[in-house]
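A look at the structure
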Amino acid sequence: MNPLRVDEEQLRAWRHHLHRHPETAFEEAVTSDSVAAVLAGLGYDVVRGLGGTGLVASLTKGESPRAVGLRADMDGLPITEVAGREHGSATTGRMHACGHDGHMAMVLGAAAALASQDFDGTVRMVFQPAEEPGRGAQSMVDDRLFERFPVDAMYGLHNMPGIPAGHLHTRAGGFMASEDDFEIVVTGRGGHAARPHAVVDPLVVGAEIVLALQTVVARSIDPAAPAVLSCTGFVTDGARNAIPTTVRISGDTRSFDPAVQELLERRIHDLATGIAAAHGARAEVTYTHEFAPTLNDPAAAARAVAAARAVLGAERVDGDCDPAMPSEDFGVFARHVPACFVFLGNGTQPGRGGTPLHSSDYDINDDILADGVRYLVAVALEELRQAP
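Please read all numbers here as calculations on a predicted model, not as lab measurements.

**Overview of the side chain of Arg 303**
The residue Arg 303 is located in helix α8 (residues 298-312) in this model. Beyond its immediate stretch of four places on either side in the chain, Arg 303 contacts Tyr 155, Val 379, Glu 382, Glu 383 and Gln 386.

Okay, here's the thing in structure tokens:
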């Protein structure tokens, strides 16, 4: 095997260019142009237009039928960048506030490194649109991603502020939670605030529903099964001197187990409609599945941990970390092929990698880019070494 060469200056150049030109979900045309040009220049066969602006770049060496996918997300967020930096966003109202620019640079770096490596099989670089709204992975699957570009396993990563820079965390099984959204519309009978006896007050009903929902996780879910239920909005159509007719309650739930998802949905519906009926009001519940849980395949996770320890050092790898309640669109891919997702530490100090994701002053830590490349190359080669 040839020694791994990582051009850190090139990684920074790619990352800074992508950071300056952010695009949001399903609009990543310029981004797609940029990464496609780099991959074609490295000798990869590039196919574009999957799921909208997504692309797959493939490189085959040897005769093995095995194939491995490395995934990067492409979209930025509708946020105006406030931190003054030379490579700051050139587009007002758009920025890479989640580090997808860095993820793309790492996968490009892995593509460059693998192009110079001896391996037997096929490596596929999968650049996905629209991760932030949780729609891009399914759009690529609907475009027959895995039928057209089969892989034996897929690997992805996300930078994570709060974890020391260059440390890698993952686990087998439930790694990141699903996200489901709900809206409850309570309809009563509005009227004058001075005559509450003549109305059916949806505010009182809504408040009781919000409080009752706090018992779902505490009293309906097995304590060993992680779950979160949060009410995040409470809006009425009333005025200062009028009791409203409707109240809208919005929120979301997080879980890992489909049975828990179903239980959360059922309890929200039963509590909302039952409480409303008891007060002479009506409640309508809308419940939608936004993100699939990210469930790491045990064998793929074991290979990821082994690869990370080999290139980062065992002291920097936690192969049995706690599950995380945020959600990731990578979970859709993991439903179709064996897959493993990992966190790569971005740093712990604000301004040095510790700034929270989705902040207007966030920036991925350039110092972790090479670590990400080394891990991605190592896990790809480890996967290709498995028996057909």
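**Remarks on helix α6 (residues 202-220)**
Over its 19 residues, α6 runs 25 Å from end to end, which matches the ideal 27 Å to within 8%, given 1.5 Å per residue. Residues Pro 202, Val 205, Gly 206, Ile 209, Ala 212, Leu 213 and Val 216 constitute the buried set of α6. Measuring from the side-chain oxygen of the N-cap residue of α6 to the backbone nitrogen of Leu 203 gives 2.8 Å; that N-cap residue is Asp 201.

**Observations concerning the pattern of salt bridges**
Under the criterion given, the structure shown has 23 salt bridges. For Arg 66, the salt bridge goes to Asp 152, with nearest N and O atoms at 3.9 Å. Of this pair, Arg 66 sits in the loop between β2 (54-61) and β3 (67-73) while Asp 152 sits in the loop between α5 (145-148) and β5 (153-161); the two residues are 86 residues apart in sequence, bridging distant segments of the chain. Owing to a relative accessible area of 32%, Asp 152 belongs among the partly exposed residues under this scheme. The shortest N-O distance in the salt bridge between Glu 81 and Arg 85 comes to 2.4 Å.

**Describing the UniProt feature "domain: Peptidase M20 dimerisation" (unreviewed entry) in the chain**
UniProt's feature table lists "domain: Peptidase M20 dimerisation" (unreviewed entry) at residues 182-265, given in the numbering used throughout. The span residues 182-265 shows a helical share of 32% and a strand share of 36%, and its end C-alpha atoms are spaced 8 Å apart.

Thresholds, definitions, all that
- Residues numbered from 1 in each chain as written.
- Predicted model: local features only at pLDDT ≥ 70, side-chain atom pairs only at ≥ 80, totals over all residues.
- Heavy atoms only, no water.
- Helix = DSSP H or I, 4+ residues; strand = E, 2+ residues; numbered from the N terminus.
- Contact = heavy atoms within 4.5 Å.
- Expected span 1.5 Å × (residues − 1).
- Buried < 20%, exposed > 50% of the residue type's maximum accessible area, 1.4 Å probe, protein only.
- Polar contact = N/O pair within 3.5 Å; in protein donor to acceptor, adjacent residues only side chain to side chain.
- Salt bridge = Lys/Arg side-chain N within 4 Å of Asp/Glu carboxyl O.
- UniProt positions renumbered as here; feature names shortened; annotations may be inferred.

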